[in-house]
Amino acid sequence: ILSSKKTYHTVLYAESAVHGPFRTKKFKVLAGKQTTATEYVEYGLHFSLDLSLAYFSARLSGERQRILSLMDDGERVVDMFAGVGPFALTLAQKASIVYAGDINPDACILMVKNIAKNRLTNVVPILSDALHLPHICPYPADRIIMNLPLQSVAFLDAAFRMARPGGMIHLYALVHREDEYLDILHKCPVEKIEHRYVRSYSPDQFHVVYDIFVGQNH
Ligand code: SAM
C-alpha cells in the first residue's frame, strides 16, 4: 500500500469501532511512520487530522457540498458537533459567521489549526457541550448542523432554541428505516421535513439526514 502512492506515509488498522463521547477509533500502525496524524485536502480546504484524537470521515464530503449548495450568502450557521471543522469550514465559504462547537478539546485544537491554515476569519470555535450553545451563540441561526448520528435527537430542543423562524436544521441519524424519527420530529415546530439516505453503516443500519424546515411561527 505504501509504495502504491508517493503521499501515503502510514498504514493503519482500526482495532476498534467508533466509540466513546468523542467518537474516535483505536488504531494500530501496520507500516510506515508511527503516527495517526495526517494532512487532508477537501474541495480546496486543507485539514490537519489526528484520527486517534478526533473523529473525521471523508465519506461526508459530498454531503458538505450539498449543504453548501443550499445556502444563501451571509447565512448565520451553528455546527453543534463540529469535530475538526469540516462542515464549519466548508459552510464558512458562504456564511457570514459559523459557530462551531465540540466537547472534545483535541478536536477543538485541530479545528483552530484548520481555521488558521485556511485563513478563515468567520469561524468561532467553541469548546463546549452542545447543550450550552443556546446560551453562547448570540443570534438566531439560519442553519444548524447536527452530526452526532447516535444521539442528535437528544439535542433537538437546543437546536430549536437557536434556529430562527423559517431556518433549517440538518439532523444526521443512524436508522433502520428512513422514516424512523419522523414521528418525534413532527412533534417539533416544523413546517416540513425531507429525508435522504447518506451512507451505509452496517447490513441493517444506515445514516440518514433529515432536512428540517423550521416553522415560520416558531
Ligand atoms: N461534524 C464533524 C465531522 O463531520 O467530521 C464531527 C462529527 S462526529 C460524528 C461527532 C462529534 O461530536 C465528535 O467530534 C464529538 O467529540 C462531538 N460531541 C459528542 N458529544 C458532544 C456534545 N455533547 N456536545 C458537543 N460535541 C459533542
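Computed from a predicted structure; not experimentally measured.

**Q** A description of unusual backbone geometry should follow, citing residues and the corresponding values.
**A** Even without being a glycine, R23 presents a positive backbone phi close to 55 degrees. Within the secondary structure, R23 sits in the loop between β1 (10–14) and β2 (27–32). Even without being a glycine, Y43 presents a positive backbone phi close to 45 degrees. As for its position among the elements, Y43 is in the loop between β3 (37–42) and β4 (45–50).

**Q** Which residues make up the layout of surface pockets, and what are the values?
**A** Looking at the largest pocket, its volume works out to about 960 Å³. If you go around the largest pocket, you meet 43 residues; those closest to its centre are V18, F22, R23, Y55 and P149. Where the lining of the largest pocket is concerned, the elements lending two or more residues are α2 (86–91), β6 (97–102) and β10 (190–202). A per-element tally of the lining of the largest pocket places β10 first, with 3 residues.

**Q** Tell me about the pairing of strand β11 (residues 205–214), residues and numbers included.
**A** Burial of β11 is extensive: 9 of the 10 residues sit out of reach of the surface. Of the strand pairs in this sheet, strand β9 (residues 163–175) and β11 are connected by 8 bridges, and their pairing is antiparallel. Note that in β11 the partner of L171 across the bridge is Y210. Note that β10 and β11 share 10 bridges and pair antiparallel. Residue H195 lies in a different strand from β11, and its bridge partner there is Y210. Connecting β10 to the next strand, β11, in antiparallel fashion are 2 residues.

**Q** Tell me about the site of the ligand, and please be specific about residues and values.
**A** Taken together, 19 residues are adjacent to the ligand, and P21, F81, D102, A130 and N147 come closest. One of the side-chain nitrogen or oxygen atoms of D102 is found 2.7 Å away from an oxygen atom of the ligand. Within the side chain of D129, one N or O atom sits 3.3 Å away from a nitrogen atom of the ligand. Of all the cavities here, the one that holds the ligand is the largest pocket. Grouping the amino acids of the shell around the ligand by side-chain chemistry returns 12 nonpolar, 4 polar and 3 charged.

**Q** Can you lay out the environment of F160 for me, pointing to particular residues and giving the numbers?
**A** Inspection of the secondary structure assignment puts F160 in helix α5 (residues 156–162). A relative accessible area of 6% means that F160 is categorised as buried. If we ignore the near neighbours within four places in the chain, the residues touching F160 are I169, C188, P189, V190, I212, V214 and H218.

Criteria and cut-off values
Residues numbered from 1 in each chain as written. Predicted model: local features only at pLDDT ≥ 70, side-chain atom pairs only at ≥ 80, totals over all residues. Heavy atoms only, no water. Helix = DSSP H or I, 4+ residues; strand = E, 2+ residues; numbered from the N terminus. 1 Å grid on protein atoms, 1.4 Å probe; cavity = no way out; pocket = protein on both sides within 12 Å on 5 of 7 lines; lining within 4 Å. Points joined across faces, edges and corners; volume = space filled by probe spheres on them. Buried < 20%, exposed > 50% of the residue type's maximum accessible area, 1.4 Å probe, protein only. Pairing = 2+ DSSP bridges. Near = heavy atom within 4 Å. Polar contact = N/O pair within 3.5 Å; in protein donor to acceptor, adjacent residues only side chain to side chain. Sits in = over half its atoms within 2 Å of the grid points. Nonpolar A, V, L, I, M, F, W, Y, C, P; charged D, E, K, R; others polar. Contact = heavy atoms within 4.5 Å.

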